[in-house]
Amino acid sequence: MDSNGVTLDDCGIAELAAAVSTLTESVQGSTMAQFSDEDVVALMQQLEACKRQLAALDTRLIIEAGERSLHARSGAGKMVPFLRRTLGLSRYDAALRVRVTHRCGEFFEPSGHLRPATLPVMAEAFAAGEISRDHVRNIMDVMDHLPTDIPAEARAEAEAILVGYSREGWPDDLPKIGRDILARLDPDGKVVSDADRRRRRGITLCRPGVDGMSRIEGWITPELRACLDAVFAKLARPGMCNVEDTESPTASGGFIADSVLDAAARRDRRDAGQRTHDAMLALMQPGVNMRALGMHRGLPVEVVLTMSLRPGERDRGRHHQHRHPNLHQRSPQDGRRHPPGHRRPRRRRNAAAPAAFPPHREPRPTPRAHRP
C-alpha cells in the first residue's frame, strides 16, 4: 500500500490478469470458426497493440526498482542480473530492457529535477503502443551511429523520421533508412571523424552454444577492413583453404598453379561465409608467412589507382535520396540548408570571371634578333 492507500489489487493488475485468462480460454479453447477473416486480423492487431503497451510498462517498473535499490538488496548487484533472476529472462533480453529504459525513461537528477527521456519522440510512441521493442532497438542503433558533430536539431529531425516510419513500417528497414539519413546529413563524408570510428570499434565473441559454436559480432575500422579484404581476396577465394578437401591449397603452400586452384575450386561446395571462416582459421596457423600473402605467382602485387577529376566534380555531393523530404542537406560551400533537389544557379558564359582568376592575356611576340 502506498501513501494514498492504493494496494496492488487496486492498480488494475487483477482485472488485467482476469481479462488475459478469459481471452486465453476463449481463443485456445475454441475452434474460432465463428470468426471471419477480418475478425482474426483485427484480433491479432489489437493483441499486438496491447502487448506493446504492456512492454512499455517495463521502463517505469525498472526505474522504480532502481530507485529502491532492489537489485542491490537482492544480492544481484546490477539490474541485468536482477531481471534475469526475478523474471527468468535471457541476458540479451534483460540487457535490452535496461538499455530501452535508459533511453525512454525519465530519471530524477541529484538536484531533484526530472530529466526527460533521451529520445522523447521514440519514448512517447513506445508508451502509446505505436511501435514495438524491435523498432526501439533499431532506432537506438541508428541514433548511436550518428556522428557526434551533427547539430541537435538535425538529430531530433532524424529521430522524428525514424519514428514516423516505424508507426507503419518494419523494424528491419530502419538500418537502411538510417544509412540514407546519414548520407543526407554527411554527403561528402566529412562529419564522420576518426574519433567516431574509434568509439564504435569492437569485436565481441559470444558465449559458445551447446554444440560449441560461437557467434561473432561487432564493428571494425576501415583500416582493419582493408587488411581483411586483402587477405580474404586470396585465402577466401573458391578452392583455397578448404578444410573438407585435403588437396586444397593452403596459406603456407607457396606458389600455386592455376590448374591446381581451378581443380580445387570445382570441388569446393562452400558458401562465402564458410570460405571466410576457413580463411581466418588458415591465417591463424603458426606456419603462415604474412609477408608472402602479397605475392601472386611469385611476384609482389601492386595496386594501381587511376582516377579522373571530372567524375569527382560531377558526382560531388551526390547521395541516395530518401523518401522523407523533410531532412535537408547542408551545402558544402556556405553551410546553408537546402531542400532535396535544390540546384545552384549556373553562371552565364558571358559573366565576368572572379577576381581570383586573372584575365586571359595574349602571349607576347618573340622579339626579332637585331641585325648587325
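Above this text sits the structure in question.
From a predicted model like this one, the values you see are computed outputs, not experimental measurements.

**Student:** Mind showing me how you'd approach the overall build of the protein here?
**Tutor:** Along its length, the protein carries 14 helices and eight strands. Within the protein, the proportion of its 372 residues that are buried is 25%. When the accessible area of the protein is evaluated, it comes to approximately 27600 Å², of which 55% is carbon and sulfur surface.

**Student:** Would you mind going over the pattern of salt bridges with me for this structure?
**Tutor:** Summed over all chains, the structure comprises 20 salt bridges. Residue Lys 51 is joined to Glu 48 by a salt bridge in which the shortest nitrogen-to-oxygen separation is 3.8 Å. Taken as a pair, Lys 51 and Glu 48 lie in helix H2 (residues 37–67) at a separation of three residues, close to a single helical turn. Judged by relative accessible area, Lys 51 falls into the partly exposed class, the value being 48%. Within the structure, one salt-bridge network assembled from shared partners comprises Asp 58, Asp 93, Arg 97 and Arg 133.

**Student:** How should the packing of helix H11 (residues 222–235) against helix H13 (residues 272–283) be read in this particular structure?
**Tutor:** Two quantities define a packed helix pair, namely the angle between the helix axes and the distance between the axes. Packing of H11 against H13 brings their axes to within 10 Å, and their N-to-C directions diverge by 105°. When the interaxial angle is binned, H11 and H13 end up roughly perpendicular. Here Val 231, Phe 232 and Leu 235 of H11 come into contact with H13, specifically with Thr 276, Ala 279, Met 280 and Leu 283. When its residues are assigned to classes, the contact of H11 with H13 shows six nonpolar, one polar and no charged.

**Student:** Would you explain the layout of surface pockets in this entry?
**Tutor:** With a probe scaled to a water molecule rolled over the atoms, the places where space remains empty come into view. Of the voids in this model, the largest pocket is the one considered here, and its volume is about 1300 Å³. Along its surface, the largest pocket is lined by 34 residues, and Asp 141, His 145, Glu 217, Gly 218 and Trp 219 are the ones closest to its centre. Counting residues per element, the ones that place at least two in the lining of the largest pocket are helix H5 (91–104), helix H7 (133–145), helix H9 (174–185), helix H10 (194–200), strand E3 (202–205) and strand E4 (216–219). Residues of the lining of the largest pocket, tallied by class, amount to 14 nonpolar, seven polar and 13 charged.

**Student:** Would you mind going over the nonpolar core with me for this structure?
**Tutor:** Within soluble globular proteins, side chains that are nonpolar generally end up buried alongside one another. Counting 29 residues, the largest nonpolar core has Met 122, Phe 126, Val 136 and Leu 162 as the members making the most contacts within it. Sorting the residues of this core by element identifies H2, H5, helix H6 (120–127), H7, helix H8 (152–166) and H9 as the ones contributing at least two each. Per-element tally for this core: the top contributor is H8, with six residues. Setting aside residues up to four positions removed in sequence, Phe 126 forms contacts with Arg 52, Ala 55, Ala 56, Thr 59, Val 100, Cys 104, Ile 131, Ser 132, Arg 133 and Val 136. In terms of nonpolar packing, the next biggest core, distinct from the first, is built from twelve residues, Leu 235, Met 240, Cys 241 and Leu 283 among them.

**Student:** So what exactly am I meant to see when it comes to a nonpolar patch on the surface here?
**Tutor:** A surface patch of nonpolar side chains, about 640 Å² in accessible area, is lined by Leu 8, Ile 13, Leu 16, Val 20, Leu 54, Leu 57 and Leu 61. Elements supplying a minimum of two residues to the nonpolar patch: helix H1 (13–28) and H2.

**Student:** What am I meant to see in unusual backbone geometry here?
**Tutor:** Most of the time, phi is negative for any residue but glycine, and the peptide bond is trans. In this structure, Ser 69 takes a positive phi of about 60° despite not being glycine. Exposure remark for Ser 69: the relative accessible area of 31% places this residue in the partly exposed category. One non-glycine residue, Cys 241, lies in the positive phi region at around 55°. With respect to the secondary-structure elements, Cys 241 resides in the loop between H11 and helix H12 (258–267). Since its relative accessible area comes to 6%, Cys 241 is described here as buried.

**Student:** Is there a simple way to think about the environment of Glu 106 in this case?
**Tutor:** The topology assignment puts Glu 106 in the loop between H5 and strand E1 (107–108). The exposure class assigned to Glu 106 is partly exposed, which follows from its relative accessible area of 45%. In this structure, the C-alpha to C-alpha distance between Glu 106 and Thr 118, residues twelve residues apart in sequence, is 8.4 Å. The contact partners of Glu 106, leaving out residues within four places of it in the chain, are Ile 63, Leu 114, Arg 115, Pro 116 and Ala 117.

**Student:** Explanation requested: H9 in the structure shown.
**Tutor:** A turn of α-helix holds 3.6 residues, and therefore any two residues three or four places apart point the same way. Over its twelve residues, H9 extends 16 Å from the first C-alpha to the last, a length consistent with the 16 Å expected when each residue adds 1.5 Å. Along H9, the positions that sit buried rather than exposed are Leu 174, Ile 177, Gly 178, Asp 180, Ile 181, Ala 183, Arg 184 and Leu 185.

Cut-off values and rules
Residues numbered from 1 in each chain as written. Predicted model: local features only at pLDDT ≥ 70, side-chain atom pairs only at ≥ 80, totals over all residues. Heavy atoms only, no water. Helix = DSSP H or I, 4+ residues; strand = E, 2+ residues; numbered from the N terminus. Buried < 20%, exposed > 50% of the residue type's maximum accessible area, 1.4 Å probe, protein only. Areas by Shrake-Rupley, 256 points an atom, 1.4 Å probe, with all protein chains shown as cover. Salt bridge = Lys/Arg side-chain N within 4 Å of Asp/Glu carboxyl O. Axes fitted to C-alpha atoms, helices over the stretch in contact; angles between N-to-C directions. Parallel < 35°, antiparallel > 145°, perpendicular 65-115°, else oblique. Contact = heavy atoms within 4.5 Å. Nonpolar A, V, L, I, M, F, W, Y, C, P; charged D, E, K, R; others polar. 1 Å grid on protein atoms, 1.4 Å probe; cavity = no way out; pocket = protein on both sides within 12 Å on 5 of 7 lines; lining within 4 Å. Points joined across faces, edges and corners; volume = space filled by probe spheres on them. Core = buried A, V, L, I, M, F, W, Y, C linked by side-chain atoms within 4.5 Å. Patch = residues over 30% accessible without salt bridge, like charges linked within 9 Å, V, L, I, M, F, W, Y side chains within 5 Å. Expected span 1.5 Å × (residues − 1).

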